[in-house]
Amino acid sequence: MYNHYVVVHDWAVEEDEGVTILGVTHFYEDAKAIFDKHRLDELHFAEENGYDIDTDENDRFDAGVMGYWRTEHTTLYIQGVI
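So, here is what we can say about the structure in this document. (Residues numbered from 1 in each chain as written. Predicted model: local features only at pLDDT ≥ 70, side-chain atom pairs only at ≥ 80, totals over all residues. Heavy atoms only, no water.)

## Comments concerning the pattern of salt bridges
Oppositely charged side chains can form a pair if their charged atoms are brought close together.
Next up, step 1: Applying the stated criterion across every chain yields a total of two salt bridges.
Next up, step 2: Ionic pairing is found between Lys-32 and Asp-36, a salt bridge with its closest N-O pair at 2.5 Å. Linking Lys-32 with Asp-36, this pair stays in helix α1 (residues 28-48), spanning four residues, or about one helical turn.
Next up, step 3: With relative accessibility at 16%, the residue Lys-32 sits in the buried group.
Next up, step 4: For Asp-36, a relative accessible area of 33% puts it in the partly exposed group. (Salt bridge = Lys/Arg side-chain N within 4 Å of Asp/Glu carboxyl O. Helix = DSSP H or I, 4+ residues; strand = E, 2+ residues; numbered from the N terminus. Buried < 20%, exposed > 50% of the residue type's maximum accessible area, 1.4 Å probe, protein only.)

In structure tokens:
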């Protein structure tokens with residue numbers, strides 16, 4: 001069982017990239033609410049930019065340009081930590 005849940009956004013666009021912590025919670029349900037809110041934004045971004053959606057699951061969203069994933073992607077996930 002985890003003590004905390006971290007909602008992470010890992011992204012790269014053109015010549016810029018980064019990792020953003022969107023939230024840290026004690027309860028999975030709270031992390032899931034943060035994830036769900038941001039997932040819709042990232043889904044919209046992926047569709048607007050013609051990204052291929054690789055993973056769209058309950059606690060992970062991953063989309064990008066095949067062949068250019070390192071420089072063109074958006075990944076959103078919940079990470080449990082002790």
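## Some remarks on the environment of Ala-63
Next up, step 1: With respect to the secondary-structure elements, Ala-63 resides in strand β4 (residues 60-64).
Next up, step 2: Sequence separation of Ala-63 and Glu-47 is 16 residues, and the distance between their C-alpha atoms is 9.3 Å.
Next up, step 3: In this structure Ala-63 touches Ala-46, Tyr-51, Asp-52, Ile-53, Asp-54, Trp-69, Glu-72, His-73 and Thr-74, once residues within four positions along its chain are discounted. (Contact = heavy atoms within 4.5 Å.)

## Overview of the nonpolar core
Next up, step 1: By size, the foremost hydrophobic cluster in this structure holds eleven residues: Tyr-5, Val-7, Ala-31, Phe-35, Leu-43, Ala-46, Tyr-51, Phe-61, Ala-63, Leu-76 and Ile-78.
Next up, step 2: Contributions of two or more residues to this core are made by β1 (4-13), α1, β4 and β5 (73-81).
Next up, step 3: Per-element tally for this core: the top contributor is α1, with four residues.
Next up, step 4: Those residues within four positions of Phe-61 in sequence are excluded, and the remaining contacts are Phe-35, Arg-39, Glu-42, Leu-43, Ala-46, Ile-53, Thr-55, Asp-56, Thr-74, Thr-75 and Leu-76. (Core = buried A, V, L, I, M, F, W, Y, C linked by side-chain atoms within 4.5 Å.)

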